Amino acid sequence: ADAWPIVVYSPYRLSIANDGKADMAYLHTLSPGQPLQRGLFEAIDEAIRGIPIAKVMTYQLEDGWTSVDFVRPVRGLVAMHGNDIVPIHVLGLDAGRSTSGHRFQGKNNLELGSADEYKTTLETDGKVIASFKERHDKINVQLENEATTQNAKLESGDAYNALLDEVTALVEYPTVYVGNFELEFLQVPQECLILTMRANQKYFPLFDTTGKLINKFLIVSNMQLSDPKNIVEGNERVIRPRLADARFFFDQDRKQTLESRLPKLASVVYHNKLGSQGERVGRVAAIARGVAELIGAPIEPAVRAAQLAKADLVCDMVGEFPELQGTMGRYYALHDGESSDVADAIEDHYKPRFAGDGLPRGRVGCAVSLADKLETLTGLFGIGQTPTGHKDPFALRRHALGIVRIVVEQDLAVSLRDLLRVAFAAFDGKISDARDDIENFIYQRFDGFLREQGYTANEVDAVLSQRPELLHLAPRQLAAVRAFMLLPEAESLAAANKRVANILRKAELNGGLPLNTDEGKLIEPAERGLFAALKRATPSANALLQSKDFTGYLKSFAVLKAPVDVFFDNVMVMAEDLELRRNRLALLHELRTAMNKIADISKLAS
């Protein structure tokens, strides 16, 4: 209490707040004020240094001596506070009050009387919408309105949002126009046309009500014209050769089967220590066979899909658009007469590719996807290529999380150790056995996955500290833990479990633990009572555990609260008599083992 006024008025304060996943400590400080000129310069300098410029441009200023590095030459700088210029010098320019508008439709040399005039003057006289958000929202509304006018739909999700952000940053005074292309191009898989329009030309494709691409697209222009004919026709002329290229690649690729392309993978390097893509395909096929047996998937379709899954890497379309690997493999497999299970698995074996992505459609796809990810993790861990810090060049974290999502969300009753056993067998002893490291790595990703589902750190730790081999059961175990903690007896039992864990840990360090209780050596009424209560509760609890009723299993031990409390109130565990001590430790060991088969209850103690 004496320190309270100091905490309130100190410039350095600590607070605890939950970030949605865990409690975090925050330090609040007061920084002394500084002149506006210095603060603004530092803010601008920090912002410039934070721009992710892949390749800077070096250019000279008008004095002919000074060089500046930036993405493009900067021609003007405005920095004002109220009616006054803030005298700063950035990128070789002195701040002033003059700016320029749209290159073709706005006025130049716009003099600003005050900082408040900037936004309005630029939009009214300069034909430039300064606010990124306003441009973004305006483009979005225009796109939606135009799509409705055309009786069409826009894309949704991350692809649309990313393109909208990119286009917003490219224009100053946006207007949306409609372009068309010939119907014959729709014979090409729509994924190819969409990617061509979106990636190369920054166009927004349009779809009918069923989600099928139509021969219209939306152009976000930087010009507002009463007659946009030239803009529309110019963009239509530009898109035709792109679509023609896509059609050409598609036609050429179908002249060869996927199987006929397999020999070419022998010349595609996968990793200098792991061989070619051809060698990798052989390993993935072997792993797919083993995984299919483990999860009950059709074996031969899984092996066939694994053999063909990488063949589209050497086709022309994927060479032009690497994003289409797997997608084109499915089209070509169907063209070659492969079954739909095989074709779908070829496309789906990359899934999930990112957070929120869909999972493989069937057991065959799951088998091939798991095989592909297991091969990657096993091979790279086996040669010591593990992620370090934020660096993960082979996306191993994504592969591990993909394994977790497939097993858990598809409810696959398969042991993680069995999956790793199958994966390492495919390498025939040519790499180091890193099974323990991979297992730990996957559990780390599993921990984050479960926390994102809304479980607390303690709840997740209680389950994962037991290293459950069957990952798909973990959500049910967590639900049981949460239900158990709502019981009035839960807090006391968790605290007792933690106490037992500490006692047993110390005893283990001092010579090991006896495993079985000798009922004849139980001399105190309290220890006999606990032993009897445990024996009564265990059979019904085990039956519930056998039927996977985890909630019922944990709740069945609520009856132990009273005998456990009485035991600790009346029994000296670490008695001087060695036989008594060992027998009481054995009783506690049985108690903890019985209660903790699906979760370490001690982890839930506050």
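Our structure is the block above this text.
Residues numbered from 1 in each chain as written. Predicted model: local features only at pLDDT ≥ 70, side-chain atom pairs only at ≥ 80, totals over all residues. Heavy atoms only, no water.

A. Region of interest: the packing of helix α21 (residues 525-546) against helix α24 (residues 578-595). Closest axis-to-axis distance for the α21/α24 pair is 11 Å, and the angle between their directions is 30°. Taken together, the axes of α21 and α24 lie roughly parallel to each other. Of the two elements, α21 crosses α24, and the hand of that crossing is left-handed. Where α21 approaches α24, its residues E527, L530, F531, L534 and K535 are matched on the opposing element by R584, L587, E590, L591 and A594. (Axes fitted to C-alpha atoms, helices over the stretch in contact; angles between N-to-C directions. Helix = DSSP H or I, 4+ residues; strand = E, 2+ residues; numbered from the N terminus. Parallel < 35°, antiparallel > 145°, perpendicular 65-115°, else oblique. Left-handed = near helix turned anticlockwise from the far one by under 90°. Contact = heavy atoms within 4.5 Å.)

B. Region of interest: the pairing of strand β4 (residues 67-70). Of the two faces of β4, only one is covered, namely that formed by V68 and F70; the face formed by S67 and D69 stays uncovered. The pairing of strand β3 (residues 57-60) with β4 spans 4 bridges and is antiparallel. Bridge pairing links Q60 to S67 in β4. Between β3 and β4, which pair antiparallel one after the other, the connecting turn spans 6 residues, and G64 there sits at a positive phi close to 80°. (Buried < 20%, exposed > 50% of the residue type's maximum accessible area, 1.4 Å probe, protein only. Pairing = 2+ DSSP bridges.)

C. Representation of unusual backbone geometry. Geometrically, the link from K351 to P352 is a cis peptide bond, its omega value of -10° lying close to zero. A positive phi is found at N151, a non-glycine position, where the angle reads about 55°. With respect to the helices, strands and loops of the structure, N151 is situated in the loop between α4 (132-149) and α5 (158-168). With a relative accessible area of 68%, N151 lands in the exposed category.

D. Structural context of the packing of aromatic side chains. Tallied over the entire structure, the rule returns 10 aromatic pairs. What links up through ring pairs into an aromatic cluster is the set F181, F185, Y203 and F217. Between the NZ or CZ atom of R445 and the centre of the ring of F441, over which it lies, the distance is 4.8 Å. (Phe/Tyr/Trp six-rings, centres within 6.5 Å; stacked < 30°, edge-to-face > 60°. Lys NZ or Arg CZ within 6 Å of the ring centre and 35° of its normal.)

E. Seen up close, helix α10 (residues 299-308). Of the positions making up α10, those classed as buried are A302, V303, A305, A306 and L308. Looking at the buried residues of α10, the elements they touch are α8 (258-261), α9 (277-295), α13 (340-348) and α14 (363-382).

F. Quick peek at the sheet that holds strand β13 (residues 213-221). Spatial ordering of the open sheet is given by β11-β13-β12, a layout of 3 strands whose pairing is antiparallel. Looking at strand neighbours, the two that pair on one side only are β11 (175-180) and β12 (204-207), the edges of this open sheet. With strand direction ignored, the average angle separating the axes of adjacent strands in the sheet is 35°. The sheet contacts of α4 involve β11, β12 and β13, and relative to β11 the element is tilted by about 35°. The sheet contacts of helix α6 (residues 190-201) involve β12 and β13, and relative to β13 the element is tilted by about 10°.

G. Local environment of the environment of A474. Summarising the element assignment, A474 is placed in helix α19 (residues 474-484). Since its relative accessible area comes to 0%, A474 is described here as buried. Between the alpha carbons of A474 and F446 there is a distance of 9.6 Å; along the sequence they are 28 residues apart. Residues in contact with A474, not counting those within four places in the same chain, are F446 and V463.

H. A look at the pattern of salt bridges. Here the structure, examined in full by the defined rule, presents 39 salt bridges. Of the charged contacts in the structure, one is a salt bridge between R476 and D411, with a shortest N-O distance of 3.3 Å. Highlighted residues: R476 in helix α19 and D411 in the loop between α15 (396-409) and α16 (416-425), separated in sequence by 65 residues. Given the relative accessible area of 42%, D411 is considered partly exposed. Between K603 and D461 there is a salt bridge, with its nearest N and O atoms 3.9 Å apart. Note that K603 is positioned in the segment after α24 and D461 in helix α18 (residues 457-464), a separation of 142 residues in sequence. According to the relative accessible area criterion, D461 is partly exposed, its value standing at 34%. (Salt bridge = Lys/Arg side-chain N within 4 Å of Asp/Glu carboxyl O.)

I. Just α18, in detail. For α18, the complete set of buried residues consists of E459, V460, A462, V463 and L464. On its buried face, α18 sits against α17 (435-452) and α19.

J. Local environment of the state of the cysteines. On inspection of all chains with the given rule, the structure shows 0 disulfides. Between C192, a free cysteine, and C315, which holds the nearest cysteine sulfur, the sulfur-to-sulfur gap is 9.0 Å. For C192, a relative accessible area of 0% gives the class buried. (Disulfide = S-S within 2.5 Å.)

K. Structural context of the pairing of strand β2 (residues 23-28). For β2, the tally of buried residues reaches only 0 of 6 residues, placing the bulk of the element at the surface. The pairing of strand β1 (residues 13-18) with β2 spans 6 bridges and is antiparallel. Note on β2: the bridge partner recorded for I16 is A25.

By themselves, these observations are geometric and do not establish any function.
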